[in-house]
Amino acid sequence: MSENTPNISVVVPLYNEEESLPELTAWIGRVMEAHRFTYEVIFVDDGSRDASWQRVCDLQKENPCIRGIRFRRNYGKSAALYCGFEAARGEVVVTMDADLQDSPDEIPELYRMITEEGYDLVSGWKKKRHDPLGKTLPSRFFNATARLASGIRLHDFNCGLKAYRLKVVKSVEVYGEMHRYIPILAKWAGFRKIGEKVVHHRARKYGVSKFGWERMIKGYLDLITVMFMSRFGKSPMYFFGGLGTLMFLVGGGTAIYLIAEKLYKQTHALPLRGVTDQPLFYIAMAAVVIGVQLFLAGFLGELIGRNSGDRNRYLIDERL
Ligand code: UDP
Ligand code: MG
């Protein structure tokens, strides 16, 4: 195998998956050999408390294509993917879960779609899922929202089985719980050819799911962050400043109108109500104050952006 660029890097984030690892490794090995791929498997141990890391070490002794990264504590799947992506060297990078729910048999076709059909990213679609209803139902809802918000036609954003052109994984920054939105991050980084492949999905064989009901809340908050960042991340003033100015003008205009109305009625000796007796006046004042606050928030955002390291982080594709 050529030392530096294998055909495929398989990145596997894992947290307490000791039982699955030998089986998964053997299966990946079989598929790779059958198709004569050069490969590496990067196991990222996300602070497991069981014997997972020991397994990775043992497997590495038998097979030099195996690499391992171990976190000192549990940072989450996104962090594990981030570090795996950083280490990956293959022409195509495939991510898969460690729990044997994703099938390595899908790898050759994913590889072909990237290298021959020119996709930047191909996401798996667990069309027939083997998960409890409490998981599949929210997931449908969530995918529909993500589709609507991002304009990316995928059925299964959060599928652990995905394939990427190497350049893509080096350009997206997965943090927080953003692993659910890598296609959105990729699109945002300028990779437009995003495809989908129906993949086999199996019930979990060993161990337990690592995500509970909080996944839904976190999922939505992250979706909002992603959408917001992609639209206004580089220019918070456009959002906060715009909204703030609008509120300031509406509030200020209303207050001036109320005062003018009172003065007019006074000079013409018409019956009148004191400005401070009218609820509208207080609403207008609140709007002015909130408007100023929003404007300030936008301004501070711009100041912080101006002084932060990645203000000029532009992704350059090629140079001549
Ligand atoms: N995982 C991880 N860190 C975590 C939680 C999960 O690396 O904090 C890994 C886990 O070991 C598995 C993959 O992410 O390989 C998907 O997790 P899981 O199968 O529990 O998710 P589900 O299939 O229930 O969506
Ligand atoms: Mg799973």
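Just above sits the structure.
Note that the structure is a prediction, hence the values are computed from the model and not measured.

Turning to the pairing of strand 1 (residues 8–14), a few remarks are in order. Burial analysis of strand 1 places seven of its seven residues in the buried class, which makes it a mostly covered element. Along strand 1, one buried face is formed by Ile-8, Val-10, Val-12 and Leu-14 and the opposite face, lined by Ser-9, Val-11 and Pro-13, is buried too. For the handedness criterion, the β-α-β arrangement of strand 1, helix 1 (residues 21–34) and strand 2 (residues 39–45) is classed as right-handed.

So, about the side chain of Ser-78. Its location among the elements puts Ser-78 in helix 3 (residues 77–87). The class of Ser-78 is buried, set by a relative accessible area of 0%. A distance of 3.1 Å separates a polar side-chain atom of Ser-78 from the backbone nitrogen of Met-178. Contacts of Ser-78, omitting those with residues within four sequence positions, involve Val-174, Tyr-175, Gly-176, Glu-177, Met-178 and His-179.

Scanning the model with the defined rule gives 19 salt bridges in all. Between Arg-204 and Asp-99 there is a salt bridge, with its nearest N and O atoms 3.4 Å apart. Here Arg-204, found in the loop between strand 7 (194–198) and helix 8 (214–232), pairs with Asp-99, found in the loop between strand 4 (92–95) and helix 4 (107–115); they are 105 residues apart in sequence, far enough to count as distant. Exposure remark for Arg-204: the relative accessible area of 23% places this residue in the partly exposed category. Classification of Asp-99 by relative accessible area gives buried; the value is 3%. Arg-165 is paired through a salt bridge with Asp-120; the nearest N and O atoms lie 3.2 Å apart. Of the two residues, Arg-165 sits in strand 6 (residues 162–165) while Asp-120 sits in the loop between helix 4 and strand 5 (121–125), which places them 45 residues apart along the sequence. Classification of Arg-165 as partly exposed rests on a relative accessible area of 26%.

The environment of ligand 1 is formed by 18 residues, the closest being Asp-46, Asp-99, Lys-135, Ser-209 and Lys-210. Here Leu-14 contributes a backbone N or O atom positioned 3.4 Å from an oxygen atom of ligand 1. About the coverage of ligand 1: the protein hides 94% of its 530 Å² of free accessible area. Of the residues that constitute the shell around ligand 1, the class distribution is five nonpolar, four polar and nine charged.

Turning to the nonpolar core, a few remarks are in order. Core analysis: the biggest nonpolar cluster contains 34 residues, and Ile-8, Val-10, Val-12, Leu-24, Ile-28, Met-32 and Phe-43 have the highest contact counts within it. The element best represented in this core is helix 1, accounting for six residues. Setting aside residues no more than four positions away along its own chain, Ile-8 makes contact with Met-32, Phe-37, Thr-38, Tyr-39, Glu-40, Gly-90, Val-92, Val-94, Ile-107 and Tyr-111. With 33 residues, the next largest nonpolar core counts Ile-42, Ala-87, Phe-142 and Val-174 among its residues.

Distances from the magnesium ion (ligand 2) to its protein donors, Asp-99 (OD) and Gln-101 (OE1), fall within 1.9 Å. With respect to class, Asp-99 is no different from Gln-101; both count as buried.

Relative to the 20 Å expected for 14 residues at 1.5 Å per residue, helix 1 spans 20 Å between its end C-alpha atoms, a close match to the ideal helical length. All buried positions along helix 1 are accounted for by Leu-21, Leu-24, Thr-25, Trp-27, Ile-28, Gly-29, Val-31 and Met-32. The elements touched by buried residues of helix 1 are strand 1, strand 2, helix 2 (52–62), strand 3 (66–70) and helix 4. Backbone geometry just downstream of helix 1 places Arg-36 in the positive-phi region, at approximately 55°.

Here we take up the sheet that holds strand 3. Strand order in the open sheet formed by seven strands is 3-2-1-4-6-5-7, and the pairing between neighbours is mixed. Strands with a single pairing partner mark the edges of an open sheet, and in this sheet they are strand 3 and strand 7. Each adjacent strand pair in this sheet contributes to an overall mean axis angle of 20°, direction not counted. Note that strand 2 and strand 3 share five bridges and pair parallel. Residue pairing for strand 3: Val-44 is matched across the bridge by Ile-69.

Inspection of every chain in the model, using the stated rule, returns twelve aromatic pairs. Ring geometry for Phe-228 and Phe-239: centres 4.9 Å apart, planes at 85°, overall edge-to-face. Here Phe-228 is found in helix 8, whereas its partner Phe-239 is found in helix 9 (residues 236–267), with eleven residues between them in sequence. On the basis of relative accessible area, Phe-228 is assigned to the partly exposed category, the value being 29%. A cation over a ring is seen here: Arg-180 above Phe-211, with NZ or CZ 5.9 Å from the ring centre. Stacked on the ring of Tyr-119, the Lys or Arg Lys-193 has its end atom at 4.5 Å from the ring centre.

Conventions we followed
Residues numbered from 1 in each chain as written. Chains lettered and ligands numbered in written order. Predicted model: local features only at pLDDT ≥ 70, side-chain atom pairs only at ≥ 80, totals over all residues. Heavy atoms only, no water. Buried < 20%, exposed > 50% of the residue type's maximum accessible area, 1.4 Å probe, protein only. Helix = DSSP H or I, 4+ residues; strand = E, 2+ residues; numbered from the N terminus. Right-handed = clockwise from strand over helix to strand, strands pointing away. Polar contact = N/O pair within 3.5 Å; in protein donor to acceptor, adjacent residues only side chain to side chain. Contact = heavy atoms within 4.5 Å. Salt bridge = Lys/Arg side-chain N within 4 Å of Asp/Glu carboxyl O. Near = heavy atom within 4 Å. Areas by Shrake-Rupley, 256 points an atom, 1.4 Å probe, with all protein chains shown as cover. Nonpolar A, V, L, I, M, F, W, Y, C, P; charged D, E, K, R; others polar. Core = buried A, V, L, I, M, F, W, Y, C linked by side-chain atoms within 4.5 Å. Donors = N, O, S within 2.8 Å, 3.2 Å for Na, K, Ca; no water. Expected span 1.5 Å × (residues − 1). Pairing = 2+ DSSP bridges. Axes fitted to C-alpha atoms, helices over the stretch in contact; angles between N-to-C directions. Phe/Tyr/Trp six-rings, centres within 6.5 Å; stacked < 30°, edge-to-face > 60°. Lys NZ or Arg CZ within 6 Å of the ring centre and 35° of its normal.

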